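# Report on the structure
So you can see what is in the structure, the chains are spelled out below.
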Amino acid sequence: MAAPFLAAALPIGPAGRDPAPLWREAEAGIAAAAAAGAGLVVLPELFALPYVAAEAPGDWAGLAEGLDGPTVTAVREAAMDSGAAVLFGMALTHDSGQPFNAAVLARPNGQVEVLAHKIHLPPAGPGDAYGEPDHFTLGEPLVRTLQVGPVKLAALICYDRRFPECWRAAAQAGAELVAVLVGGPAPSDPEGLFAAELQASARANAVYALAAARYGTETVTGRPVRHDGETLAFGPDGALLARAARADRRPLLVALHPERLAKARETNATAARLRLPRQFEVASCLN
């Protein structure tokens, strides 16, 4: 029997204009997760930045960084010091001047790779003049995987989790673990929807799902912005494996068992039974 691979999701608290406190919080969490045996630590969407999607984008353009910037440097050093790979969210500079909302992987050997750009950007909320499309560039409609230890890893960034096609694309790309990096408000969601989305998608596609969410309420913009996601994990059979309390700063640890993955794919291989083509057109008729 193959040994399980241990992964961790790290909740991160409210952000301010200075990212340094959250860098330190992340470094401590990464070290704690690695000390517990984790080979991968997942941080939330834009983990060290305030959520400013509803604000005028020009006032916050300076939050974006390149892969040689201080956020990547801090996480890369934490990965090298701890011996664990770290997947984290950041605003990644783009030639257009409007950054990507990105998921970046820092490996213990110092290598840094971009795993995902956010594919779907939610519109402005009710009463808001701005939304994520005013701050970020759309990523290409592509879900890819990277090998981390014995596990093939895919990443979905927050809103992308709502689209079943993203999960299907991850499964078709060979993903065994889908990390969901989460931040921001979802005030119109009914209670339990976030967990239900991940549970149904994990089971339907026979993949592990691990969400790392921001928590708390930010006030840096002058009005409260509450983070509504959860840090939790589901198995490839849809079973809830672990769930963090809303303000729990400890790493959430989950063991990924290859035997459990194989059994789920044998007994509930929904992805293998999909009869629709991978790409298809929908025709609409107007009367």
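How each quantity is defined
- Here, residues in each chain are numbered from 1, in the same order as that chain's written sequence.
- At least 70 in pLDDT is required for a residue's local features to be given in this predicted model, at least 80 for side-chain atom pairs to be given and counted, and no such filter applies to totals for whole chains, interfaces and linings, which use all residues.
- No hydrogens and no water enter the side-chain calculation; it runs on all heavy atoms of the structure.
- Only DSSP runs of H or I with at least four residues qualify as helices, and only runs of E with at least two residues qualify as strands; both kinds are numbered from the N terminus onward.
- Radius of gyration: C-alpha atoms only; globule rule: 2.2 Å multiplied by the number of residues to the exponent 0.38.
- Only protein chains enter the accessibility calculation, which uses a 1.4 Å probe; a residue whose area is less than 20% of its type maximum is buried, one above 50% is exposed, and one in between is partly exposed.
- Residues count as neighbours in contact if any of their non-hydrogen atoms are within 4.5 Å of one another.
- A pair of strands counts as paired when DSSP detects no fewer than two bridges linking them.
- Every axis in this analysis is a line fitted to C-alpha atoms, fitted for helices over the stretch in contact. Angles between the N-to-C directions lie between 0 and 180 degrees.
- Any Lys or Arg side-chain nitrogen found within 4 Å of a carboxyl oxygen on Asp or Glu counts as a salt bridge.
- The nonpolar core is taken to be a set of buried Ala, Val, Leu, Ile, Met, Phe, Trp, Tyr and Cys residues, with the residues joined through side-chain atoms within 4.5 Å.
- Geometric relationships in this document are graded by angle, where less than 35 degrees denotes roughly parallel, more than 145 denotes roughly antiparallel, 65 to 115 denotes roughly perpendicular, and other angles denote oblique.
- Crossing handedness follows the turn of the near helix against the far one: under a right angle anticlockwise gives a left-handed crossing, and clockwise gives a right-handed one.
- Following the grouping adopted for this structure description, the nonpolar residues are Ala, Val, Leu, Ile, Met, Phe, Trp, Tyr, Cys and Pro, the charged ones are Asp, Glu, Lys and Arg, and the polar ones are all others, Gly among them.
- Every helix has an expected span of 1.5 Å times one less than the residues it contains.

Moving on: the overall build of the protein chain. Helix and strand counts for the protein chain stand at five helices and 14 strands. Taken over C-alpha atoms, the radius of gyration comes to 18 Å for the protein chain, in line with the 19 Å a tight globule of 287 residues would show. Burial status across the protein chain gives 50% buried among its 287 residues. Considering only residue pairs separated by 6 or more positions, the protein chain has 70% of its internal contacts joining residues 24 or more positions apart.

Spatial ordering of the open sheet is given by β6-β7-β8-β9-β12-β13, a layout of six strands whose pairing is mixed. Either end of the sheet is taken by a strand with one partner, and the two such strands are β6 (146–148) and β13 (240–243). Between one strand and the next, the sheet's axes are offset by a mean angle of 25°, whatever the strand orientation. In this sheet, strand β7 (residues 151–157) lies alongside β6 in antiparallel orientation, the contact comprising three bridges.

Tallied over the entire structure, the rule returns 14 salt bridges. As a salt-bridge pair, glutamate 113 and arginine 107 come within 2.5 Å of each other at their nearest N and O atoms. What makes glutamate 113 buried here is its relative accessible area of 16%. Put simply, arginine 260 and aspartate 237 hold a salt bridge, and the shortest N to O gap is 3.2 Å. With a gap of 23 residues between them, arginine 260 in helix α5 (residues 258–267) and aspartate 237 in the loop between β12 (232–234) and β13 connect regions that are remote in the sequence.

Here we take up the nonpolar core. Residues Leu40, Leu87, Leu153, Leu177 and Val178 are the most contacted members of the largest nonpolar core, which totals 52 residues. Not counting residues within four places of it along the chain, the set of residues in contact with valine 178 comprises Ala154, Leu156, Trp167, Ala170, Val207, Tyr208, Ala209 and Leu210. Leu10, Ala15, Leu22 and Ala74 belong to the second largest nonpolar core, which has 30 residues in total.

Moving on: the environment of proline 251. Topologically, proline 251 is positioned in the loop between β13 and β14 (252–256). In this structure the C-alpha to C-alpha distance between proline 251 and alanine 28, which are 223 residues apart in sequence, comes to 9.8 Å. Residues contacting proline 251, with those up to four places away along its chain left out, are Ala8, Ala9, Leu10, Gly29, Ala32 and Ala33.

On to the packing of helix α1 (residues 20–35) against helix α2 (residues 70–82), then. Geometrically, a packed helix pair is captured by the angle between its two axes and the distance between the axes. Running from amino to carboxyl end, α1 crosses α2 at an angle of 20°, the nearest separation of the two axes being 9 Å. Compared by their axis directions, α1 and α2 come out roughly parallel. In this structure, α1 meets α2 at a crossing whose hand is right-handed. For the pair formed by α1 and α2, the contact residues are Trp23, Glu27, Ile30, Ala31 and Ala34 on the first element and Pro70, Thr71, Ala74, Ala78 and Ser82 on the second. Here the residues of the contact of α1 with α2 are counted per class, giving seven nonpolar, two polar and one charged.

Relative to the 22 Å expected for 16 residues at 1.5 Å per residue, α1 spans 23 Å between its end C-alpha atoms, a close match to the ideal helical length. Those residues of α1 that are buried lie in contact with β1 (5–9), β2 (40–42), α2, β3 (85–92) and β14. Looking at the residues trailing α1, positive phi occurs at glycine 37, about 110°.

Turning our attention to the sheet that holds β14. Strand pairing in a sheet is mediated by backbone hydrogen bonds. Such pairs are either parallel or antiparallel. One open sheet holds the six strands; their spatial order is β5-β4-β3-β2-β1-β14, and the pairing between them is mixed. Sheet topology places β5 (112–117) and β14 at the edges, where each strand pairs with a single neighbour. The sheet shows a mean angle of 30° between the axes of neighbouring strands, taken without regard to direction. Pairing analysis gives five bridges linking β1 to β14, with the strands arranged antiparallel. Looking at β14, one finds that leucine 6 is bridged to alanine 255.

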